[in-house]
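Understanding the architecture of this molecule
This is what each chain is made of:
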Amino acid sequence: MTDTINTQQTPALRPALPLPEAAARGLAAVGGLATAASAFLAWTYSSAFPGDLTVNGYPGGLQWVTLVAGLLVLLYALTGYRVPGLRWLAPGGAEGATVIVAFGALATTWFTLIAIADELGGLANLASGGWVAGIASLVALLGALGLPRDGVAADADNPLKRVVGYPGKRPDLRPAPALPVAVELLIITLALALGLGIFTFGIDTSYGELFGGFLITAVFAAWALSRSGALGRLTDITSRHRVFTAVGAFVAAAIFPFTQNSDANASIGVNLLIFGATALGLNVVVGLTGLLDLGYVAFLGVGAYTGALVSGAATSSLHVTFPFWAAAITGAAVSGIFGVILGAPTLRVRGDYLAIVTLGFGEIFRIVVNNLDGVSGPNVTGGPNGIPNIPDLSIFGFNLGNAHTIGGITLGRFANYFELMLVFIAIIVLVFSRSSSSRIGRAWVAIREDETAATAMGINAFRFKLLAFALGATLAGLAGTVMAHVGFSVVPDPFVFAGPVPPNSAFLLAAVVIGGMGTVTGPLIGAALFYLLQAKLQFLQSYQLLLFGIALILFMRFRPEGLIANKQRQLEFHEDETESAAELSTAGA
Amino acid sequence: MTDITLENSSSNSPATGTPLLEARGVIMRFGGLTAVNNVDLTVNTGEIIGLIGPNGAGKTTFFNCLTGLYIPTEGQVTYKGTVLPPKPFKVTQAGMARTFQNIRLFHNMTVLENVLVGRHTRTKEGIISAILRGPGYRREEAESREKAMALLEFTGLARKAGHLARNLPYGEQRKLEIARALASEPGLLLLDEPTAGMNPQETRATEELVFAIRDRGIAVLVIEHDMRFIFNLCDRVAVLVQGEKLVEGTSEVVQADERVIAAYLGTPYEATPEAGAAGEADGSIPASDAASDATPDATPDATDATPEEDQ
Ligand SMILES: Nc1ncnc2c1ncn2[C@@H]1O[C@H](COP(=O)(O)OP(=O)(O)OP(=O)(O)O)[C@@H](O)[C@H]1O
Ligand SMILES: [Mg+2]
């Protein structure tokens, strides 16, 4: 009887499994250790499975991922024992994070085992090491589920949060005192290096299964770090050294091509950056101003076509060759003008109507460029064939089409464009962050929050919405000019509303929404995730839109604010409330 | 309700100056419904004017007509002698700022940012200077922040500058709306039920705040259902009933006016046979001509008044 009453009052504070605490901790730690150890055993008898998991004593392929996942479980379990030196991993409590990483280890391991059984034909292909891994990860999860909860009993209706506690409210997380500057800068550097390493590993994965396992572990690890408060601490530190962090992030990104010995990943990288830059532009419109634009990819198209037309390509109907800086400015400006032309009539309507009208304009763009081929209209865009053979850029006599050797490392064509695009991203990030934190950005956010109140505060809503539209279009146009050169040719196909390959309006919107509207890093991370997913999981091609839809639904259900929640700083402003929440939870426990 | 003292309003009423806001013959129709019917109102500099009336009388609609949210069907609104354009942002630019009956803050912005948005019309740096961040931009931004903080200090919200607006308690949200409106440096402030949902202490504090605002040289036009608040504060009170201005005058005049009492208490239900005795006992007002064409006879009066209320 009393039990049921307790369950109703504090559902999130009871462990999911009724285990003695010591046993639960022990199981989690041992399970994590055994999972990690199993990576050194043979998992299958046949080397036909990619990565060769038949070797005893040395991990291969997916076993490396399992090893990392198992070690993470062990680390978080040990943090629960208050092992000295591990406190930084979980300033906000280790239990919820242990559950999350244990789920991650289980998912990674079982994903591997199922992939083996599926590809080689049956469970008989699993060697003893595989069974050990599967059972060990299950034991770790059972142990973790028996741990006492560290969450607040809020949001008990959310099943996800009922299991792992509430990720947003970390009861005993107090703002940490600032460390010496040198130490903080070192931490940021290490975090960036780690980020680069993880990204490089992910993009280097040579087969879909490995990327799948990597992604599962990475997502759960990131979630656990956020849940345990470690990520929050890191954010506190980076927010004290914004410029250093931003410059460091760009340096880390610039180093990326140097870690590659082929140009294939740089090609993925540069397209990812173009996608990310466009997503940031869309973020001005959707994230800051709250205007749902379903035809945004058209502005990328305007930039790309403009860039191609002035590139000096033989097939361009304008036989002019602009130097690149002029081409970039022209592309951005023309796109911006198109933004105003499209915005002026469409922005008179609000909400759903705006979404439909922009969707229509996006399609009109594609159909128009498809028809300006000299047959059904003047020859401007080359119709369905587009503008092929766009010459490579040459900046200060540096031809981006040729491979160059810098410091003994050869940077191929795509690597050159990657570095160029990085400069553009830096500009776009600067423009975005400065405009969003200014009088203009405040007006945009005010319009998003309450348009009537915004106009009553003296904001000319139409004008500022038009400005947002124009700025967003300009940024996309800038990315488009680079895109024209990277892709050798510009054709109408990519500029659709929805399709399996980015960029298209639906993917751009998803990158912004899932990444975190109104933030700088959110859309970039969202874009990276989406781009890598489709580039790496080619075998899912036909299911991609389905999975994409499912992912969107899950996100809107469980984390509507996106990966990077805006106003994270609200936590630091609400010490008093966090404290009272802590008192409440201790009183309840 | 009728026996409150009037020291406050009489002691504080300053010499009223020149006309600031003049509404002439404002009519607002929604289809067949005339929500505001031929209302005239003048607010002079340095005045606190009250606008009262029963629910649905058209007070908020009248506010919306003044501030450009609605375009009046007929009539004219002038501010400092010039006709106001029917665009809310131009009205604010001209010097009239308002608050809303149903709080309309920017919930996901901080308290300080809300007030900074209020400064929009008094700042002018554009997108280019926001990106370049030249000295002019920095100066303006610093000045805005300083003035916004001063306003938060003035309204007692400085401590909460970094909080998200949606996390403020109700009373403070209302104060923040006032601070945000003041940030546009208005000559006339329009408050729509600033004390709705407040406890008596908070209401008292709001009274002080309104006096302090007037002392800064800002005229105030305030809608309120709290009569004590209105009669304490206002130099003049206008009563709106069913879209029409019934009376306008000093607190004493309005309080003494029988039609006002009738409009508020209503005659129909108290005149029904069951409540008849009670109604006569505390109302003790004979049905007046203006309240409606009420007849002394109880039953026809009730049937008469009911359709009238539905309009
Ligand atoms: N946009 C609108 N469309 C149609 N009718 C409206 C509209 N706005 C207000 N009304 C009507 O006009 C009348 C006056 O409403 P208003 O909100 O101005 O009253 P009020 O005096 O502010 O009342 P309260 O004291 O309850 O705030 C009401 O009958 C209302 O239903
Ligand atoms: Mg009202």
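The structure displayed is predicted, hence computed values, not measured ones. (Residues numbered from 1 in each chain as written. Chains lettered and ligands numbered in written order. Predicted model: local features only at pLDDT ≥ 70, side-chain atom pairs only at ≥ 80, totals over all residues. Heavy atoms only, no water.)

**Concerning the overall build of chain A**
Rules: Helix and strand definitions here come from DSSP, where helices need a minimum of 4 consecutive H or I residues and strands a minimum of 2 consecutive E residues; each element is numbered from the N-terminal end. For this analysis, residues touch if any pair of their heavy atoms sits within 4.5 Å. Accessibility throughout is a Shrake-Rupley quantity obtained with a 1.4 Å probe, and a residue counts as covered only by protein chains that appear here.
Counting secondary structure elements, chain A contains 23 helices and 4 strands. Taking as baseline every contact in chain A between residues at least 6 positions apart, the subset at least 24 positions apart corresponds to 76%. About 24700 Å² of surface is accessible on chain A, with carbon and sulfur atoms providing 69% of the total.

**Considerations on the coordination of the magnesium ion (ligand 2)**
Residues and elements named next belong to chain B. Stated precisely, the cut-off is as follows: Note: metal donors comprise N, O and S atoms at 2.8 Å or less from the metal (3.2 Å for Na, K and Ca); water molecules are not included, so apparent gaps in a site are possible. Accessible area is worked out with a 1.4 Å probe on protein chains only. A residue is then buried under 20% of its type maximum, exposed over 50%, and partly exposed in between.
Bound to the magnesium ion (ligand 2) are the protein donor atoms Thr60 (OG1) and Gln101 (OE1), situated 1.8 to 2.0 Å from the metal. Residue Thr60 is found in helix H2 (residues 59-66), and its partner Gln101 is found in the loop between strand E6 (96-98) and helix H4 (111-118); the two are separated by 41 residues along the sequence. What makes Thr60 partly exposed here is its relative accessible area of 24%. Note on Gln101: relative accessible area 31%, which makes it partly exposed.

**Some details on the domain arrangement of chain B**
Residue and element names in this part refer to chain B. The line we're drawing: What counts as a domain boundary in this text is fixed by an automatic or database domain assignment. Think of a salt bridge as a Lys or Arg side-chain nitrogen and an Asp or Glu carboxyl oxygen that are within 4 Å of each other. Polar contacts here mean pairs of N or O atoms no more than 3.5 Å apart (in protein, one a potential hydrogen donor and the other a potential acceptor; neighbouring residues in sequence count only if both atoms are side-chain atoms). Residue polarity follows a fixed list, in which Ala, Val, Leu, Ile, Met, Phe, Trp, Tyr, Cys and Pro are nonpolar, Asp, Glu, Lys and Arg are charged, and the others, Gly among them, are polar.
Along its sequence, chain B is organised into domain 1 (1-95 + 186-311) and domain 2 (107-185). Contacts between the two partners involve 21 residues from domain 1 and, on the opposite side, 13 residues from domain 2. Inspection of the region where domain 1 meets domain 2 yields 0 salt bridges. Counting every contact that joins domain 1 to domain 2 gives 3 residue pairs in polar contact (both at pLDDT 80 or more). Those elements that place two or more of their residues in the side of domain 1 that touches domain 2 are helix H3 (88-94), strand E7 (188-192) and helix H8 (200-215). Counting residues per element, the side of domain 1 that touches domain 2 draws most heavily on H8, at 4 residues. Looking at the side of domain 1 that touches domain 2, its residues break down into 11 nonpolar, 6 polar and 4 charged.

**Things to note about the confidence of the model for chain B**
All names here are of chain B. To keep things clear, this is the line we draw: A score between 0 and 100, pLDDT records how confident the predictor is in each residue.
Confidence in the prediction of chain B, expressed as mean pLDDT, is 83, and 80% of residues score 70 or more. Across residues 1-15 the pLDDT falls below 50, and counting only partners more than four positions away or on other chains, this stretch makes 27 contacts in the model. In this model, residues 270-311 is a region of pLDDT below 50 whose contacts with residues beyond four sequence positions or in other chains number 30 contacts. The complex prediction reports pTM at 0.85, with the ipTM value standing at 0.82.

**Concerning the packing of helix H15 (residues 413-436) of chain A against helix H18 (residues 461-486) of chain A**
Residue and element names in this part refer to chain A. Put simply, the rule reads: Every axis corresponds to a line fitted to the C-alpha atoms, with the helix fit spanning only the stretch in contact, and the corresponding angles, defined between N-to-C directions, vary from 0 to 180 degrees. Roughly parallel refers to an angle under 35 degrees, roughly antiparallel to one over 145, roughly perpendicular to one between 65 and 115, and oblique to any angle outside these ranges.
Look at H15 against H18: their axes get within 10 Å of each other, and the N-to-C directions meet at 175°. Comparing the axis directions of H15 and H18 gives the class roughly antiparallel. Facing H15, whose interface residues are Arg413, Phe414, Tyr417, Leu420, Met421, Phe424, Ile428, Val431 and Ser435, H18 presents Leu471, Leu475, Leu478, Ala479, Thr481, Val482, His485 and Val486. Residue composition of the contact of H15 with H18, by class: 13 nonpolar, 3 polar and 1 charged.

**Points about the nonpolar core**
For clarity, the cut-off: Joining through side-chain atoms within 4.5 Å is the link that ties buried Ala, Val, Leu, Ile, Met, Phe, Trp, Tyr and Cys residues into a set, and such a set is a nonpolar core.
By size, the foremost hydrophobic cluster in this structure holds 114 residues, and its most contacted members are Met421(A), Trp444(A) and Phe495(A). For Met421(A), the contacting residues outside a window of four places in its chain are Val270(A), Leu273(A), Ile274(A), Ala277(A), Ala479(A) and Val482(A). In this structure, Leu151(B), Ala179(B), Leu209(B) and Phe229(B) belong to the second largest nonpolar core, which totals 44 residues.

**Some remarks on the sheet that holds strand E3 (residues 48-52) of chain B**
All names here are of chain B. Rule in force here: The rule for pairing is simple: two strands pair if DSSP sees at least two bridges between them.
With respect to topology, 6 strands assemble into an open sheet ordered E6-E7-E8-E3-E9-E10, the strand pairing being mixed. Strands with a single pairing partner mark the edges of an open sheet, and in this sheet they are E6 and strand E10 (244-249). When strand polarity is set aside, the average angle formed by the axes of neighbouring strands in this sheet is 20°. Pairing of strand E9 (residues 236-241) with E10, which is carried by 5 bridges, proceeds in the antiparallel orientation. By the bridge assignment for E10, Leu240 is matched with Lys245. Its contacts with the sheet put helix H7 (residues 170-182) on E6 and E7, and the angle it makes with E7 is roughly 160°. Strand contacts of helix H11 (residues 258-265): E3, E9 and E10, with the helix running at about 130° to E10, the strand carrying the most contacts.

**Here's the deal with the site of ligand 1**
Residues and elements named next belong to chain B. Rules: A single heavy atom is enough: if one lies within 4 Å of a molecule or strand, its residue is considered near that molecule or strand.
Lys59, Thr60, Thr61, Gln101 and His225 are the nearest of the 14 residues found near ligand 1. Residue Thr61 places a side-chain N or O atom 2.5 Å away from an oxygen atom belonging to ligand 1. When ligand 1 sits alone it has 630 Å² of accessible area, and the protein chains cover 64% of it. Of all the elements in the fold, those that place two or more residues in the shell around ligand 1 are strand E2 (33-44) and H2.

**Considering the pairing of E7(B)**
Residue and element names in this part refer to chain B. A large share of E7 lies buried, amounting to 5 of its 5 residues. Taking every second residue as pointing to the same face, both faces of E7 are buried, with Leu188, Leu190 and Asp192 on one and Leu189 and Leu191 on the other. In the sheet, E7 pairs with strand E8 (residues 219-223) via 5 bridges, with the strands oriented parallel. Of the residues in E8, the one forming a bridge with Leu191 is Val222.

**A short note on the environment of Ala107(A)**
Residues and elements named next belong to chain A. Residue placement: Ala107 occurs in helix H4 (residues 95-120). By relative accessible area, Ala107 is classed as partly exposed at 27%. Residues Ala107 and Pro177, spaced 70 residues apart in sequence, show a C-alpha to C-alpha distance of 37 Å. When residues no more than four places from it in sequence are discounted, the contact partners of Ala107 are Ile216 and Phe220.

**Overview of the sheet that holds strand E1 (residues 19-30) of chain B**
Residues and elements named next belong to chain B. Taken in spatial order, the 4 strands make up an open sheet running E2-E1-E4-E5, and their pairing is antiparallel. Edge positions in the sheet fall to E2 and strand E5 (82-83), since each of these pairs with one other strand and no more. Looking at chain direction, strand E4 (residues 74-79) and E5 are connected through 2 bridges and run antiparallel. Note on E5: the bridge partner recorded for Tyr79 is Thr82. On the sheet, H2 packs against E1, E2 and E4 and is oriented at approximately 115° with respect to E1.

**Focus: the interface of chain A and chain B**
Rules: Defined here as a combined quantity, buried area equals the accessible surface (1.4 Å probe) lost by two parts on assembly, summed across both.
Counting residues at the interface gives 34 residues for chain A and 39 residues for chain B. For the pairing of chain A and chain B, the buried interface totals around 3100 Å² over both sides, and the portion due to carbon and sulfur atoms is 61%. The tally of links between chain A and chain B comes to 2 salt bridges. The partner of Arg442(A) in a salt bridge is Glu141(B), and the shortest N-O contact between them spans 2.8 Å. For the pair chain A and chain B, the interface holds 12 residue pairs in polar contact (both at pLDDT 80 or more).

**Topic: H15(A)**
Here is the rule we go by: Take the number of residues in a helix, subtract one, and multiply by 1.5 Å to get its expected span.
Taking 1.5 Å of rise per residue, the 24 residues of H15(A) would be expected to cover 34 Å, and the 34 Å separating its terminal C-alpha atoms lies within 8% of that figure. Counting buried residues in H15(A) gives 18 out of 24 residues, a clear majority hidden from the surface.

**A word on the environment of Gly487(A)**
Residue and element names in this part refer to chain A. Relative to the helices and strands, Gly487 resides in the loop between H18 and helix H19 (505-515). Given the relative accessible area of 37%, Gly487 is considered partly exposed. With 295 residues separating them in the primary sequence, Gly487 and Leu192 have C-alpha atoms 30 Å apart.

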